[in-house]
Amino acid sequence: MMESKKEDVRRKHIRLHMEGALTARDKVGVQDFVLLDAYTSESAFVDNLRKRFNENLIYTYIGTLLVSVNPYQELGIYTVSQMELYQGVNFFELPPHVYAIADNAYRMMCSELNNHFILISGESGAGKTEASKKILQYFAVTCPMTQSLQIARDRLLLSNPVLEAFGNARTLRNDNSSRFGKYMDIQFDFQGIPVGGHIISYLIEKSRVVYQNQGERNFHIFYQLLAGGEEERLALLGLERDPQLYKYLSQGHCAKESSINDKNDWKTVSNAFSVIDFTEADLENLFGIIASVLHLGNICFEEDDQGCATIPDTHEIKWIAKLLGVHPAVLLEALTHRKIEAKTEEVICPLTLELSVYARDAMAKAVYGRTFTWLVNKINSSLVNKDFTRKTVIGLLDIYGFEVFDKNGFEQFCINYCNEKLQQLLIERTLKAEQAEYEMEGIEDEECIRPGPATDLSFLEKLEEKVGTHAHFETRKLAGPTGRKRIGWMEFRLLHYAGEVTYCTKGFLEKNNDLLYRHLKEVLCKSKNVILRECFLLAELENRRRPPTVGTQFKNSLSSLLEILISKEPSYIRCIKPNDRKEPSKFDDFLIRHQIKYLGLMEHLRVRRAGFAYRRKYEHFLQRYKSLCPDTWPHWHGPPAEGVERLINYIGYKPEEYKLGKTKIFIRFPRTLFATEDALEFCKHQLVARIQATYKSCLGRKEYVKKRQAAIKLEAHWRGALARKAIQRRKWAVRIIRKFIKGFINRNKPLCPDNEEFIVFVRKNYILNLRYHLPKTVLDKSWLRPPGILENASDLLRKMCVRNLVQKYCRGITAERKAMMQQKVVTSEIFRGRKDGYTESLNQPFANSRINEGDINPKVLQLISHEKIQYGVPVIKYDRKGFKARQRQLILTQKAAYVVELAKIKQKIEYSALKGVSTSNLRDGILVIHVSPDDKQKGDAVLQCGHMFEAVTKLVMLVKKENIVNVVQGSLQFFISPGKEGTIVFDTGPEEQIYKNKNGQLTVVSVRRKS
């Protein structure tokens, strides 16, 4: 009875835990869309994608198909440790990752010895190129490698930057958009070691060479060459660094983009060229072609009187001829004339301005397009493996995704045709049950060339004639009244697997023909440039048939690609971009729904979920979940089918949730599987806790006994060791104390064995203490008192320290401060001990001048402009007769002292006529400048100055006479006029006063000095 109750409680806990975990899972989404309950709802699909994206979980499965959302930020999920984590692990054991796709393909290839391919598709900017790079890096790191095959691996990796430079460009959607389709075969030997590779390119966007939309750039290589190329190379190519100088690079008005570092990318490409085995001659010819394309774009045509095109400036023609190894005159004629062949003769006709521009652009596109093909072939020749034993391969297909723009032209037509074919391949390989439903979505390919005067409109008419009855084809003429308004006269509409797309036929014929005039082709065939000679063969001139159109070439190459893919086992990666602004953490629902539709993800999910969401063999299911039922745990000894049935009955599966087959159990709803998984997690915790408790108890008891015995033995030995150590330490202490007592007793004796250690200790101790008590400034007279035996050494050290402080202080004195200190010395010589207030003035620094030049009247400055002003100070001048106070300025120059009133010089006292300077011994600021009576002077100058010490010092230093300052007590006489003198009386009082007394003398009262 008790056992039954415990079992009921256990069963209840399992179910409660299942529900709780399901709620948590709803917050972060499921890692396989097949496990969605509402698998037919696009909103549920988008919601699951959003939940995972918000948690930085950018990968999600649909069965074995991987959906990747570009995070536009570094997530740290591509490290070597991550690669090792996914290496050799079952596909569904770890969270979805691009490494899981790569590892699964690699393991299947090695175990089954068959070929695989990984198809990567999505819009521009969705991360296709990055995904292919991550797969290549995974193989490079995780595959076994030998030293001899290291070069092959490096060339495989470094082929990417070269192809990106020549085949990628900045578009409105992506800074590194692949403008060509790429299929790369990675070849492996029987040991799984990468030994070689092969690359096929599809439909490079040659029109970008001659025209870019606003905000877009030409192919990266042009800007990389200009930004990073050596000065010598650019000079040989006739190029300058500014891309704005070249028409083919400046049409998009974003030649320089802050998010792209062309100079660093050039270094990467240059390094890749050296590893991929490009010779210096190859690079010279290759960059000669790249430069010639830029020069072609700068050719300017003018129209002559007959309406024919001419090239007035042949500067660019000469450079192109030099770089391509052709004759300038022949090239000039080929760009402005066309050779027409009749039955028996050739006629050369001049071209109009419009046709000459077309011929120039056609030449640029043809040269670049064929050079790109040569580049791919050159890389392939470096990747080829010389060992002809059987190889297995993994192919990487990085192809443009389904495109729908406001205006869809010939390029979108070809791209979407390619996507239709690849979608058909997906149907045939993974969705065979629904193959019939998708067969109706094929596109009838029709060449855009026919006899007669072909135009874009006549092409549209032929389409109406050939496929007008098809249910998925519609034009304005064939549409009903409602649909007619949405289709232009030059447009047709196709119903693709991903929805309706309207194509504009304007320019279809021109882009499809991609015609290069025969005259120009003859020039290129005779080029001395080795690469061009390989690209334009003379045999082409002998073939009079019209060359195949772009559409036909693309159709044929796509057929070859499909044949390659059909022979291999597929894996699929669908890349999605979350927003158009390349912002991290921004999830645009409308844009993502659009991509889900055009990638056919909902259709793929619907077919994956037709029937049961999960199936597993009885043995594997029982092995995983047997711990959930007491009857099957820990071992089940009967048939696996009976064990599974017993298990699901115990858990409580409902009949509509599962079916039992002959060898497998089929579970219809993902929720049922989730519940079982959550119950297993709950059960694991209980089992692990019980096992851990028992095991830890056992270990604990064993460890305790072992430790107790060891502790007893250790304690005995340790106590003995401590006792012996204590005895030794006491003996040592006794010896040291005895030795120091003896040294102290004999400390004043000459150095001998009895006092040697004590004296050394005293010296060391004193020196160590002294370092913390050294004086910090020159004025600091403190010094640590030395022991008697170190008095001489202490005196020497003190002198050295003082000398060092003095030197340090002197080095820190500026020239300006030095001059001021010299002035202070002069002041000291004059006034020290002789005049009150001198001591207080010591702390007040002298100024260069107390008057700025701006404070002096310009007229005065003009009058004394021949002399440099050395010092100026505001003063109060007292008249010699009435002693009336007047505001003045005292200005000192090299030759004279000036007493200035506003714009007038009231008195000029030349230093040669200066007899002396008198001042009192009190605190007043009175100074008298005495002049020689016979020198035509007005008389002595009686002045009061707030900076008396400073002014007198400056005057004395300028006059350069000795003993000219007289410090008087009581009174002084001054010269008023010839034969007449005045008197100044100095006295002290409670407050400062200056007045004329009854005797007609000037009385100066100073504040009494405090005692």
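Residues numbered from 1 in each chain as written. Predicted model: local features only at pLDDT ≥ 70, side-chain atom pairs only at ≥ 80, totals over all residues. Heavy atoms only, no water.

Draft legend 1. A look at the overall build of the protein. When you go through the protein residue by residue, the secondary structure sums to 35 helices and 31 strands. The C-alpha atoms of the protein give 50 Å as radius of gyration, which overshoots the globular expectation for 1011 residues (30 Å, by more than 25%). A burial count over the protein gives 47% of its 1011 residues as buried. For the protein, contacts bridging at least 24 residues in sequence account for 63% of all contacts bridging at least 6. Total accessible area computed for the protein in this model is approximately 54,200 Å², and 53% of it derives from carbon and sulfur atoms. In the protein, 153 positive and 120 negative side-chain charges are present, and the distance between their average locations comes to 13 Å. (Helix = DSSP H or I, 4+ residues; strand = E, 2+ residues; numbered from the N terminus. Rg over C-alpha atoms; globule rule 2.2 N^0.38 Å. Buried < 20%, exposed > 50% of the residue type's maximum accessible area, 1.4 Å probe, protein only. Contact = heavy atoms within 4.5 Å. Areas by Shrake-Rupley, 256 points an atom, 1.4 Å probe, with all protein chains shown as cover. Lys, Arg positive; Asp, Glu negative; His and termini not counted. Charge placed at Lys NZ, Arg CZ, Asp CG, Glu CD.)

Draft legend 2. Quick look at the confidence of the model for the protein. For the protein, the average pLDDT comes to 83, and 90% of its residues sit at 70 or higher. Counting interchain partners and residues more than four positions distant, the pLDDT-below-50 stretch residues 12-23 has 19 contacts. Counting interchain partners and residues more than four positions distant, the pLDDT-below-50 stretch residues 432-453 has 45 contacts. (pLDDT = per-residue confidence, 0-100.)

Draft legend 3. The arrangement of a nonpolar patch on the surface in detail. On the surface, Ile737, Ile741, Phe744 and Ile745 cluster together into a nonpolar patch covering about 420 Å² of accessible area. One can find Ile737 in helix H29 (residues 670-745). (Patch = residues over 30% accessible without salt bridge, like charges linked within 9 Å, V, L, I, M, F, W, Y side chains within 5 Å. Salt bridge = Lys/Arg side-chain N within 4 Å of Asp/Glu carboxyl O.)

Draft legend 4. Seen up close, the pattern of salt bridges. Per the stated rule, a full pass over the model turns up 33 salt bridges. Between Asp47 and Lys51 there is a salt bridge; the shortest N-O distance is 3.4 Å. Remark: Lys51 and Asp47 occur in helix H2 (residues 42-54); sequence separation between them is four residues, near one turn of the helix. Here Lys51 falls in the partly exposed class, since its relative accessible area comes to 24%. One salt bridge connects Glu164 with Lys133, and the closest N-O pair in it is separated by 3.0 Å. In this pair, Glu164 sits in helix H6 (residues 150-167) while Lys133 sits in helix H5 (residues 128-142), placing the two residues 31 residues apart along the sequence. Here Glu164 and Lys133 have matching classes, each one buried.

Draft legend 5. Looking closely at the nonpolar core. Ranked by size, the top nonpolar core spans 112 residues in total, and within it Phe139, Phe166, Phe222, Phe273 and Met363 carry the most contacts. Each residue touching Phe222, except ones within four places of it in the same chain, is listed here: Leu249, Ile290, Val293, Leu294 and Tyr368. Counting 75 residues, the second largest nonpolar core, distinct from the first, contains Leu49, Val501, Ile648 and Tyr653. (Core = buried A, V, L, I, M, F, W, Y, C linked by side-chain atoms within 4.5 Å.)

Draft legend 6. Seen up close, the environment of His635. With respect to the helices, strands and loops of the structure, His635 is situated in the loop between helix H27 (618-625) and helix H28 (640-651). Since its relative accessible area comes to 54%, His635 is described here as exposed. Measuring from C-alpha to C-alpha, the distance between His635 and Leu591 comes to 53 Å, with 44 residues separating the pair along the chain.

Draft legend 7. Region of interest: the environment of Ala329. Summarising the element assignment, Ala329 is placed in helix H14 (residues 328-336). The partly exposed category is assigned to Ala329, whose relative accessible area is 47%. Taking the C-alpha atoms as reference, Ala329 lies 110 Å from Thr1003; in sequence the two are 674 residues apart.

Draft legend 8. View of the sheet that holds strand S13 (residues 473-475). As summarised here, the arrangement of the three strands in space is S13-S14-S15, forming an open sheet in which the pairing is antiparallel. Since the sheet does not close on itself, it has two edges, and those belong to S13 and strand S15 (499-504), each with one partner. Strand-to-strand, the axes of this sheet are offset by a mean angle of 25°, without reference to chain direction. Of the strand pairs in this sheet, strand S14 (residues 491-496) and S15 are connected by six bridges, and their pairing is antiparallel. Directly across from His496, in S15, lies its bridge partner Gly499. (Pairing = 2+ DSSP bridges. Axes fitted to C-alpha atoms, helices over the stretch in contact; angles between N-to-C directions.)

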